[in-house]
Amino acid sequence: MRGREESGLVASIARSVWPCLLLVAILGFTLWVYWPGQLGGFILDDRSSLLRLQALAAHPQWFWDYVFGDHSGGLGRWVSMFTFALEHAFVDGSAATLKRHSILLHVLTGALVYWFAYLLCQSQRYRHGAWLGLLATTLWLLAPQQTSTVLYPVQRMAMLAAFFVLLALVFYLKGRAVLGVSRTAWGWWALCAASLGLAPFAKENGLLALPLIVVVEAAFLRGRLADGRVQPLLRSGSWALIGLGLLAVVAYFLIKFDSVQRGYDARSFTLQERLLTQPGILWDYVFQFYWPDLARMGVFHDDVRVSTSLLEPATALALASWLLLLPAFAFAALSGLAWAWPLLGLVLFFLGAHSMESSFFALELYFEHRNYLPAVALALLPAVLVGEVGRRWPPLSAPLLAWGAVPLLLLALKTVSQVQIWSSPTLLALHHLQGHPQSVRANTDMATRMAQLGGFEAALEFSRTGFHASQTQKAARLEREGDFRLRNIALACMAQVPLPRAELASLGRAHPERPIGDTNTLEVIVGLQSAGECPQFEWQALADRFAAIYLSEPESGRASVGVYTSLAVLMNALERMQDGSDYADLGLQQATDNTQLLLMSLHFATVLGEAERADELMSRLLDLERANRLSAADVTNLKIYL
Amino acid sequence: MRTGTGRLAIVFFAVACLYWLASGDYFLFDDGPAITRNAAISQLDLASAGAWRDAIFSSSAGPTGRPLAMFSLALNAAWQDSLSAIPFKLTNLLIHLLCGLLLLGFLLQLQRAQPAAAVSRLGVPAMGLAVALWLLAPLHVSTVLYPVQRMAQLATLFVLLGLYLYTRWRIRWAEQGASVAELVAAGLWLGLVTVAAVMSKENGLLLLWLLPLVEWLFLRGRWAGGELPWLRWLALLALVLPLVLVAALLLGAPEYFLAGYGQRDFSFSERLLTQVRVLWHYVGWFVLPLPGQLGFLHDDIPVSTGWFAPGTTALAAVAWVLVLAAALRAARACPWLLFGLLFFLIGQSMESSVLALEMVFEHRNYLPSVGLAIVVAGALGALARRLSARDPRLLLLAIGLPLVLLLGLRTYTWGDELRLAQSNARHHPDSPRGQYFLSRALTKRHQETLAREGQAELDDLLAARAALQRMAALQPESLVAYAALYLLDARWFPGNPEQGTALDAIQARAGKPVLSASEVNGLNAVIDHQLQDCGPGAARALALVEALRAAGTHSLDWDAARYHIARCGVDGLEPEQVLSELEQQYPGNIRVQYLRLAASVEANDVAAMYAAVARIQALDKERRQLSRLRKLVSD
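Residues numbered from 1 in each chain as written. Chains lettered and ligands numbered in written order. Predicted model: local features only at pLDDT ≥ 70, side-chain atom pairs only at ≥ 80, totals over all residues.

Helix and strand content of chain B: 30 helices and two strands. Taking 635 residues into account, the globule formula puts the C-alpha radius of gyration at 26 Å, and chain B, at 27 Å, falls close to it. Oriented by its inertia axes, the alpha-carbon framework of chain B measures out at about 85 × 55 × 50 Å. In chain B, which comprises 635 residues, the share counted as buried stands at 44%. Long-range contacts, defined here as pairs at least 24 residues apart, represent 69% of the contacts in chain B between residues at least 6 apart. (Helix = DSSP H or I, 4+ residues; strand = E, 2+ residues; numbered from the N terminus. Rg over C-alpha atoms; globule rule 2.2 N^0.38 Å. Buried ≥ 20, exposed ≤ 12 C-beta atoms within 10 Å, placed from the backbone. Contact = placed C-beta atoms within 7 Å.)

Structure representation (structure tokens):
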């Protein structure tokens, strides 16, 4: 008897050891596949979100300013910023360092996906639960779609949010597994609560952890306790919570409708168009996950087709299929078909995880990183299907799992090639342009690249294509002609050619009420000037042109605060203090408590000898300091004038 | 049950030793494109996932590119600093032994599956004997010691695995039946094994044809203790279906098969007629593996141009009909005979029938010879029963010992490249390729002696020249021998005036309507040599290229050579203009885009560089150029 027990234990250990060993091997394999990706550089939002952190190397005392100074998304993303700040303060903060850590985080999150998938399969009492978990994990880890999240440094935010959401889900499942059996459940739930608390501060999507837990309870656990009893409160309560959650979202939408609608002022598409386009995009995320069209993959999707009417067949089909999928599975589940419950759960998980970025908020239409967390549901789908098939027809489990290795291998090989592309900025830029020839960003990115290599004419051509695309692509940001001209001027500087007079003369002619809409290009110009990239450039002529546009008949509403700030910085560098002071004043008319503008105004007033004005500004800044509204960097700067 | 495990273990050990001792460090012809000249394999960066991907997809052989076989070759190459053939050959040996084990498993199951109605049944010892015959067959030396034939070996390995699994399950189902889930599971496993076999080499697909053969002749529709006649009929249908499909394809879309014959110096009908004889050669080489008959190259076997040209064609066909008819007649009582013969023919069906492949290769017998081993073992078993008064071990010794000796002799021959080439030339004096192979081996020995001792006699080079001259005499219409002679003289006898004669001979033959792959390679090598350092040969190269173009044998090789000639400053050719013509003529060709990229780099034209890289990326749908581009852009 004892011998039999021992041999059973050995068999049990053997059963769990092999999947564990394979999991370690798969995590290592993923690391190996992704590792060359660290060679690529920064792209797109990395520059605006992360490059400023480079100041931390010289000013480590600003650490917490940077951690808590990020206000993107409403809540601030201090958890993510904390990791970025650490990398800048203690490592070199290079793109390679950031990517390396993101790759490690991806692998770590993969381990969490395994834990989650394993617990979920266990809760469904599937045969070969550990192997099913491996199937889901490998698919999630090595799907080519994940490349643009893992190797895009700023998407660490999405990754960390997914990490904490998964952590919360795992802790919840662990707690649920011992609920009513052991007091340790509370320990697990305390950990779950901590994860829930951290997730939204990595990125707002972290708020979805709670709804996703409710979905898991409602569709997977269904109130069943470890001892087999069913807790009706849990079962019906979870569904009630889902209903309440939906009502809350509808209520938020109605109450905040004006605010939501206002967000679309800066977009080329409307709220209605976004709502009509998203169902198709959601299907595209699904197809791109399982059957990737690598040529289209990447960061730039600002050429995605916008649906304008429900009468378009593709739009109607996409919307109808999502709308039918849920009731179909719900009906099947309620009709007693047990297999429909987990499938319903996966659909709810996928849609729930997309609900923040792929619904009514006025965000851009398409980003692959938005599927990072929802892809967990997609990765679980084959595992659940094999689990359900194996439950009814046990002999099929093993061959289906073995067959699973074939698509996984093919996907992994595709990911290898995708990582190769991401490891070379040139190949990545060309890849983006080939897959999205009408993308504004892909074209302007290539224009920059050409200019940096001295090909000004080629750069202008790409810049023109980008500008034209911005006028025709609804998904893209509508570019003002002034932005286009300004970009061409920046390209000339990069290409080391003289200031193009024709561009300068055209600057500000179109849309005189607000000629420049994009702050980024102006920031690039400021950066180029301060770095001395093109010393022979006629900067004063450019400054004259700006003065003609903004200072001949000053009106604050002609530009954004960001534009005025950049202009003030540029004028300071060009030692045109009066112009700088005027721009700062125009900016302050819109944002009276903008500390950066106040400090700049103080600087200009001091240099220009305007003592009275300087005293007034100093007094306002001291008030702000007393109100604790100045950052450490601001205080340091202020002290210079005290 | 006596399985003769001990004796079989000795056979496995003997095979391992004989092959191990003969694994010489040299590669052969087809190893070039797959291994030695394939940078993705020969210069594989062990640490790079991208490099492994390149290696896996680096072959253009067959419709699949044989990724599994390429992966296994990459595994051999990965841990070597300088490429040695020995690990490849030892891995092949390991696969050979594994195939032997799987064959044993399959035949033991087959033995259990024999129908009760069979009068002549194969016993376990006969099955063991079949495995021994297959393992010891000297015919397989040219597969096991030829690294690139890993492809054929792996395909065989998976086919045998599939046959073993199917027969094993089927015996259980014959007794107990099976649920639908079990059937689907078995189908899934067999499907997976088939995929693995096909990804090693396309012959792996034959597993799906061999399974109905097992079903039809051995299991005969037995199911759950009873019989299902429809199942046997279904098996027969599945057995006939591929023939019907091929016939339908031949009638409906003959160009699918015939297109390839444009590049061959034999026609469709000539191939079919010749194969009838070649199949008997294969049988002979397996059954009676005389050293004089076997060889590395068999291009001395004359092509059949009609049923009586040579007369043995008709004889061979009649013999096949008679043998098959006899086996069919005896199928009920003696199923193994028909099984063995059909196994052999099905195993040969892909490479020895309608497809425009070369005529003869010994490695094509690696899988099909399983059928021959069964037939021979069955016949010997029957003979042993007739000689029941005597000790059957004597019979075994009488067959086994000579076989081991012949295998030893052949592996010894294969242990050294020059020995193999000399043996091949001696036994196949009419083989043009044999002469070429000999000249190459002699030149290589001369080079090695020179490298080792600083000086070397010219004997080897003169012998190499003589071999090439014999080749030219054997194949007067081909330019390969002249190209090789020209290159040999250019390298080792630069003052020899016969170089001009060789060039004239090449030019005279360059106008042929069809050039074989070897001739194209030879021409390319000659043109490359003439263009070295843009010397005086450039003008002669232009004349050669223009002759080729005038003959209408347009090829990117010649047209690209024209561009290189233009870059050498030959009068009348403007490089940019030639390159533009190339781009117009070959708009979807990656090689041309690399030429454009190189030209853009030389001109320091950034926009053109990016455009060329972009076009390469766009054309490279399978992303085989990524690593190369990655190195080129180096940002």
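Each helix and strand in chain A was counted, giving 29 helices and zero strands. Expected size for 642 residues packed as a compact globule is a radius of gyration near 26 Å; at 28 Å, chain A falls within 12% of this value. Along the three orthogonal principal directions, the C-alpha set of chain A runs to about 95 × 55 × 45 Å. Taken across its 642 residues, chain A has 48% of its residues classed as buried. Counting only contacts in chain A whose residues sit at least 6 apart along the sequence, the fraction spanning at least 24 positions is 72%.

In this section: helix 16 (residues 335-348) of chain B. All names here are of chain B. If you check helix 16, its first and last C-alpha atoms are 20 Å apart, about what 14 residues at 1.5 Å a residue would give, namely 20 Å. Where helix 16 is concerned, the buried positions are Pro335, Trp336, Leu337, Leu338, Phe339, Gly340, Leu341, Leu342, Phe343, Phe344, Gly347 and Gln348. Against helix 11 (207-219), helix 14 (268-287), helix 15 (312-329) and helix 17 (369-386) lie the buried residues of helix 16. (Expected span 1.5 Å × (residues − 1).)

This part takes up the interface of chain A and chain B. Think of interface size as the accessible area that goes away when the parts come together; that is how it is often given. Contact with chain A, which involves 29 residues of that partner, is made by 26 residues of chain B. Sorting the residues of the side of chain A that touches chain B by element identifies helix 1 (2-34), helix 17 (397-422) and helix 18 (425-435) of chain A as the ones contributing at least two each.

Ala117, Phe164, Val165, Ala168, Leu169 and Leu380 of chain A together with Ala130 of chain B are the most contacted members of the largest nonpolar core, which totals 359 residues. With residues near it in sequence (within four places) discarded, leucine 169 of chain A still touches Phe116, Leu212, Ile213 and Val216 of chain A. (Core = buried A, V, L, I, M, F, W, Y, C linked by C-beta atoms within 7 Å.)

The next point concerns the packing of helix 16 of chain B against helix 17 of chain B. Residues and elements named next belong to chain B. Contact geometry of helix 16 with helix 17 gives a least axis separation of 7 Å together with a crossing angle of 160°. Regarding the angle of helix 16 to helix 17, the classification is roughly antiparallel. Crossing hand, helix 16 versus helix 17: left-handed. Here helix 16 contributes Trp336, Leu337, Phe339, Gly340, Leu341, Phe343, Phe344 and Gly347 to the contact with helix 17, which in turn contributes Val370, Gly371, Leu372, Ile374, Val375 and Gly378. A breakdown of the residues in the contact of helix 16 with helix 17 according to their chemical character gives ten nonpolar, four polar and no charged. (Axes fitted to C-alpha atoms, helices over the stretch in contact; angles between N-to-C directions. Parallel < 35°, antiparallel > 145°, perpendicular 65-115°, else oblique. Left-handed = near helix turned anticlockwise from the far one by under 90°. Nonpolar A, V, L, I, M, F, W, Y, C, P; charged D, E, K, R; others polar.)

Residue and element names in this part refer to chain A. Given a rise of 1.5 Å per residue, 20 residues ought to cover 28 Å, and the 29 Å separating the end C-alpha atoms of helix 13 (residues 271-290) matches this to within 8%. Of all the bends in helix 13, the greatest, near 30°, is centred on glutamine 278, and the proline proline 279 appears no more than four residues after it. Taken as a whole, helix 13 has its buried residues at Glu273, Arg274, Leu276, Thr277, Gln278, Pro279, Gly280, Ile281, Leu282, Tyr285 and Phe289. Summarising the contacts, the buried residues of helix 13 are in contact with helix 14 (313-334), helix 15 (340-354) and helix 16 (375-392). (Bend = angle between axes of the 7 residues up to and from the residue.)

Our focus in this paragraph is the packing of helix 19 (residues 440-452) of chain A against helix 21 (residues 481-494) of chain A. Residues and elements named next belong to chain A. Where helix 19 contacts helix 21, the two axes come as close as 7 Å, and the packing angle between them is 30°. As judged from the angle between their axes, helix 19 and helix 21 are roughly parallel. With respect to the hand of their crossing, helix 19 and helix 21 are arranged in right-handed fashion. Contact with helix 19, carried on its side by Thr444, Ala447, Thr448, Ala451 and Gln452, involves Arg487, Leu491 and Met494 of helix 21 and no other residues of that element.

On to the confidence of the model for chain B, then. When pLDDT is low, close inspection of the predicted coordinates is not appropriate. Residue and element names in this part refer to chain B. In the predicted model, chain B carries a mean pLDDT of 92, and 98% of its residues have values of at least 70. Of all secondary-structure elements in chain B, the lowest mean pLDDT belongs to helix 25 (residues 537-550), at 85, while helix 10 (residues 180-198) reaches the highest, 98. Here the predicted complex carries an ipTM of 0.91, next to a pTM of 0.92. (pLDDT = per-residue confidence, 0-100.)

Residues and elements named next belong to chain B. Summarising the element assignment, leucine 338 is placed in helix 16. Given 23 C-beta atoms within a 10 Å radius, leucine 338 is considered buried. Spatially, the C-alpha atom of leucine 338 lies 8.4 Å from that of valine 375, the residues being 37 residues apart in sequence. Apart from residues no more than four positions distant in its own chain, leucine 338 is found in contact with Leu217, Ala327, Leu328 and Ala331.

Quick look at the environment of histidine 428 of chain B now. Residue and element names in this part refer to chain B. With respect to the helices and strands, histidine 428 occurs in the loop between helix 19 (417-427) and helix 20 (432-453). Along the chain, histidine 428 and serine 60 lie 368 residues apart, while their C-alpha atoms are 31 Å from each other. The residues touching histidine 428, leaving out its near neighbours within four places in the chain, are Gly295, Leu297, Asp300 and Gly434.

A separate point is unusual backbone geometry. Residue proline 310 of chain B follows alanine 309 of chain B across a cis peptide bond; omega there is 0°. Locating proline 310 of chain B in the fold gives a position in the loop between helix 14 and helix 15. Positive phi is not limited to glycine here, since arginine 125 of chain A has a value of about 55°. With respect to the helices, strands and loops of the structure, arginine 125 of chain A is situated in the loop between helix 5 (95-123) and helix 6 (129-142). Even without a glycine there, the phi angle at glutamine 496 of chain A is positive, about 60°. Tracing the sequence through the fold places glutamine 496 of chain A in the loop between helix 21 and helix 22 (501-506). Overall, the presence of 15 C-beta atoms within 10 Å leaves glutamine 496 of chain A in the partly exposed class.

Our next topic: the environment of threonine 109 of chain A. All names here are of chain A. Looking at the secondary structure, you find threonine 109 in helix 5. When the C-alpha positions of threonine 109 and leucine 167 are compared, they lie 8.7 Å apart, and in sequence the two are 58 residues distant. If we ignore the near neighbours within four places in the chain, the residues touching threonine 109 are Met159, Ala162, Phe163 and Leu166.

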